[in-house]
Amino acid sequence: MAPENPTSTMTTREPDPALRELSEQAITALRDPAVAPSVEMVLRVADGLYEAIAPDGRVRFDRPDGPDAEPSTVTVEGRNPLGDRSVDRFVGLETERGSLHPDRTTNSYPHGYDQVAQLFDHAAAPDLCVVHSAGHHWPESGGHVGEHGSLDVIQARAPFVVAGRGIRRHGMIDRSIRLVDVGPTLAELLGVAPHDDTGEFLAGTDGVVRHELLDPHDGRPKHVVGFLFDGANPNVLYDLAASGDAPNVARLIEAGTALRFGAMSGMPTVTLANHTSILTGRLPGHHGVLHNSWYDRRIEKSIETNSLATWAFAMQHLVEGTETLFEAIRRTWPDTFTAAVDEPCDRGAAYSTFDFFRSGDVPEISSDTSELPYTNPAYATSSLGYAAWTIIDHQAVEQAVGIWSGRYRDQSYPLPRFMWINFTVIDSAMHEGGPHSDIAEAAIRDTDARLGAVLDAVEKAGVYDDTAFVLLADHGMEQTNPGVRSDWDAVLRDAEVPVRNEACGFLYLNEPAT
Ligand SMILES: [Zn+2]
C-alpha cells in the first residue's frame, strides 16, 4: 500500500485574491508568441485547481492520487500541455540525437500532474512557475549548451544502475522509477527499521520500495555505496558503457540491473532539490529544499541553497519531520558508521565533507591539475569549470578510498555501512559543451575511472561481495538550441507586471525584481 502522502498535513498555496489580477496579466504576457519558443508552459494554482498553461492550450486538474493516477477533474482547453506523460520517450542515444529539442507537441512530461501538484505544497512556492522549453538557451547562464530544470522527459530522466549483494541481475531493462523511490528501496535493502507503525522507511516519503530490483534470497548487503554522477544524461552514459568507454559503469550494469527509461527527478529538475529527494524520499515541494534559490514571503528573503557558500548549511531548510537515509540508518543502528562524501544532503551522516566547512577547518586543496589521476589533461587546462570540478571530484576519491582503507587525514574510520559519493564534473562538462560533446564524454571517462578507484578500495577492504552499489544522477541534461533565447522577463516588464523572478522561472507577484 502506498504510504500516506505528507501533503495531507500541508496546504496548497493559492495566490492572494489581490494577486489574481496580476496573475492573469502575467499569464497573458507569457502566452505572447514572442516568448512561445522558450516558454513551454506556466504552472499555477487557481480556484482550488492546478493549472498548466501553454501558448496553445491549458489544463486544470485536482491533485492526483499518486504519481501515475489520473486526477478526478481534468478540464482541457485546446491542447493539453501535460497530455503526454510517457516515461519511454527519446530512449537510446541515436533516438535522442535525432530529435534534439523536441517541440512541446512532441515532448512528454512523466508524472506531470503529480509533478505540478507537489511543487505548490511548499509554503514558499511561487505564484507562477515558468517551465522552459526543451531548446531554451539561457544567455544569462553564460550560454550553457546543455540544460535541465524543466518537466520534460530528457531533463527529468537520470540514469539508474544498481548491483551487488541483494540485487537482481536483470541487466538493462525497459523500466523507470522515480528518484524518490531510491531512499525507501535502499532502506529496505539494508534492513532499516520502519519509521513507525505505518511501515514506511523514511518519514513521509513520496517514494515506494522497488521490490522488483531486490533479491531477498541473496541476503542483505553489509554495506551500500551510492555514486551520484551529477547531471549525467542516461542515453550518453549507457552508450559509453556499452561501447567500452565507461568500463566500471558497464561492470555494475552487468552485475546488476540498469533502467533504460531511467529514474525521474522531481520538479524543478535541479541539483540540490533532487539530491535531497534521493536521500529523503520526498519530492522538492515536500522536503523543503524547493529549488536552487527561492523567495520566502513570510520572512521577505531570498533563500539560496546551491552555492559554495550555502551548501554546508542547506539542510536547515528541510521541512520538520523529514528524515534522511543517514538518519534512518542511525535510528536503526545508533553506533553504525556512515559517510557523505561531497554531498550537501548529509544530515545524520557520521562523516561528512561539509563538516570541514561547518567547523571552518577546510583542508588546503591544491589547484594544480597536472598530477591528478583520472583527469583529462586537455580539458583540465582549457576549461576553468572542468579544472575546478575535477579537483573537487579527485578530493572525493581521496576521501572515499581513504575511508575504505581505514584512514583519511590522520583519522581512523571503520568500514561504512552506507557511503554516498557525489561527483560533479559531468554536470559542469555537460552544461558547458552539451550532453553530446567531447568534453562531456571526457568527464564520463574520468568519472568512470574514479568509480573504478572506489570499487577497488571496497575490494581491498575485503567486503566487495557483501556490498551493494547504486549509480544514478540527480536530473537529466538536454542539448539546448542557441537560437531559442526569448526573454520572458522582458515581456513581463513590458506588460508592467510587478514580479520577482527567482532561479529563472519562479515568479513571485507584486514583489520587487531581483
Ligand atoms: Zn545537478
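Source: prediction; values computed, not measured.

Counting secondary structure elements, the protein contains 16 helices and 24 strands. The C-alpha atoms of the protein give 22 Å as radius of gyration, which agrees with the globular expectation for 514 residues (24 Å, within 12%). For the protein, the C-alpha atoms occupy an extent of roughly 65 × 55 × 45 Å along the three principal directions. Here the protein holds 514 residues, and 61% of them are scored as buried. Across the protein, the mean location of the 40 positive side-chain charges is 3 Å away from that of the 76 negative side-chain charges.

For strand β2 (residues 49-54), the tally of buried residues reaches six of six residues, placing the bulk of the element in the interior. Residue alternation in β2 divides its side chains into two sets, Leu49, Glu51 and Ile53 and Tyr50, Ala52 and Ala54, and both sets are buried. Pairing of strand β1 (residues 39-46) with β2 involves five bridges; the strand directions are antiparallel. Bridging from a neighbouring strand, Leu43 pairs with Ala52 of β2. Connecting β1 to the antiparallel partner β2 that follows it, the hairpin turn spans two residues, and Asp47 within it adopts a positive phi of roughly 55°. Hairpin geometry of β2 and strand β3 (residues 57-61) is characterised by an intervening segment of two residues between the two adjacent antiparallel strands.

Below, the discussion takes up the coordination of the zinc ion. Reference values for angles at a metal are 109.5 degrees in the four-donor tetrahedral case and 90 or 180 degrees in the six-donor octahedral case. Around the zinc ion, the protein contributes the donor atoms Asp230 (OD), Thr271 (OG1), Asp474 (OD) and His475 (NE2), at 1.9 to 2.1 Å from the metal centre. Its four donor atoms give the zinc ion angles of 95 to 131° at the centre, a pattern that matches the tetrahedral case. Donor residues binding the zinc ion come from one chain and are separated in sequence as D-x40-T-x202-D-H. Residue Asp230 is located in the loop between β11 (223-229) and α6 (234-242), and its partner Asp474 is located in the loop between β21 (467-472) and β22 (478-479); the two are separated by 244 residues in the primary sequence. The buried category is assigned to Asp230, whose relative accessible area is 4%.

Turning to the side chain of Ser277, a few remarks are in order. Tracing the sequence through the fold places Ser277 in helix α8 (residues 271-280). You can call Ser277 buried: its relative accessible area is 1%. A polar contact of 3.3 Å, which involves the side chain of Ser277, links it to the side chain of His287. Residue contacts for Ser277: discarding those within four places in its chain leaves Leu179, Val180, Arg282, Leu283, Pro284 and His287.

Below, the discussion takes up empty space enclosed by the protein. Applying the stated criterion across every chain yields a total of three cavities of 30 Å³ or more. Counted as a void, the largest cavity has a volume near 60 Å³. Looking at the largest cavity, the residues that line it are His111, Asp114, Gln115, Arg178, Leu179, Val180, Met264, Ser265, Gly266, Asn274, Ser277 and Leu283. At the level of elements, α3 (112-119) and α8 are the ones that each hand at least two residues to the lining of the largest cavity. A per-class count over the lining of the largest cavity returns four nonpolar, six polar and two charged.

What follows concerns unusual backbone geometry. With an omega of 0°, the peptide bond between Met267 and Pro268 qualifies as cis. For Glu496, which is not glycine, the phi torsion reads 60° and is therefore positive. With a relative accessible area of 66%, Glu496 lands in the exposed category. You will see that Asn510, though not glycine, has its phi angle at about 60°, which is positive. Tracing the backbone shows Asn510 in the segment after β24 (506-509).

Side chains of β24 alternate between two faces, with Phe506 and Tyr508 and Leu507 and Leu509 buried alike. Pairing analysis gives two bridges linking strand β5 (residues 128-132) to β24, with the strands arranged antiparallel. Of the residues in β24, the one forming a bridge with Leu128 is Leu507. Adjacent in sequence and paired antiparallel, strand β23 (residues 499-502) and β24 are bridged by three residues, among which Ala503 carries a positive phi angle near 55°.

All right, on to the sheet that holds strand β12 (residues 256-259) then. One open sheet accounts for eight strands, arranged β9-β12-β8-β21-β11-β20-β16-β17; its pairing is mixed. The open sheet has two edge strands, β9 (171-173) and β17 (351-352), and neither has a second partner. Pairing geometry for β11 and β21, over six bridges, is parallel. Residue pairing for β21: His223 is matched across the bridge by Thr467. Helix-sheet contacts for α6 involve β8 (160-164), β9, β11, β12 and β21, and the interaxial angle to β8 is about 45°.

We now examine the packing of aromatic side chains. Per the counting criterion, the structure on display carries 18 aromatic pairs. With a centroid separation of 5.5 Å and 90° between ring planes, the pair formed by Tyr351 and Tyr413 is classed as edge-to-face. Here Tyr413 lies in the loop between β19 (411-412) and β20 (418-423) and Tyr351 lies in strand β17, a separation of 62 residues in the sequence. Of the two residues examined, Tyr351 and Tyr413, each falls in the buried class. Considering the side-chain rings of Tyr464 and Phe469, the 5.1 Å spacing of their centres and the 40° angle between planes classify their relative orientation as tilted. Judged by its relative accessible area of 2%, Phe469 falls in the buried class. Between Arg417 and the ring centre of Trp333, over which it is positioned, the NZ or CZ distance is 3.7 Å.

In the contact formed by helix α14 (residues 425-433) and helix α15 (residues 438-460), the axes pass within 8 Å of each other and the chain directions differ by 175°. On the basis of their axis angle, the class for α14 and α15 is roughly antiparallel. Packed against α14, whose contacting residues are Val425, Ile426, Ala429, Met430, Glu432 and Gly433, the element α15 presents Ile439, Ala440, Ala443, Ile444, Thr447 and Arg450 at the interface. Of the residues assigned to the contact of α14 with α15, the class counts are eight nonpolar, two polar and two charged.

Reading guide: rules and limits
Residues numbered from 1 in each chain as written. Predicted model: local features only at pLDDT ≥ 70, side-chain atom pairs only at ≥ 80, totals over all residues. Heavy atoms only, no water. Helix = DSSP H or I, 4+ residues; strand = E, 2+ residues; numbered from the N terminus. Rg over C-alpha atoms; globule rule 2.2 N^0.38 Å. Buried < 20%, exposed > 50% of the residue type's maximum accessible area, 1.4 Å probe, protein only. Lys, Arg positive; Asp, Glu negative; His and termini not counted. Charge placed at Lys NZ, Arg CZ, Asp CG, Glu CD. Pairing = 2+ DSSP bridges. Donors = N, O, S within 2.8 Å, 3.2 Å for Na, K, Ca; no water. Tetrahedral: all angles 85-135°; square planar, octahedral: opposite > 155°, others 65-115°. Polar contact = N/O pair within 3.5 Å; in protein donor to acceptor, adjacent residues only side chain to side chain. Contact = heavy atoms within 4.5 Å. 1 Å grid on protein atoms, 1.4 Å probe; cavity = no way out; pocket = protein on both sides within 12 Å on 5 of 7 lines; lining within 4 Å. Points joined across faces, edges and corners; volume = space filled by probe spheres on them. Nonpolar A, V, L, I, M, F, W, Y, C, P; charged D, E, K, R; others polar. Axes fitted to C-alpha atoms, helices over the stretch in contact; angles between N-to-C directions. Phe/Tyr/Trp six-rings, centres within 6.5 Å; stacked < 30°, edge-to-face > 60°. Lys NZ or Arg CZ within 6 Å of the ring centre and 35° of its normal. Parallel < 35°, antiparallel > 145°, perpendicular 65-115°, else oblique.

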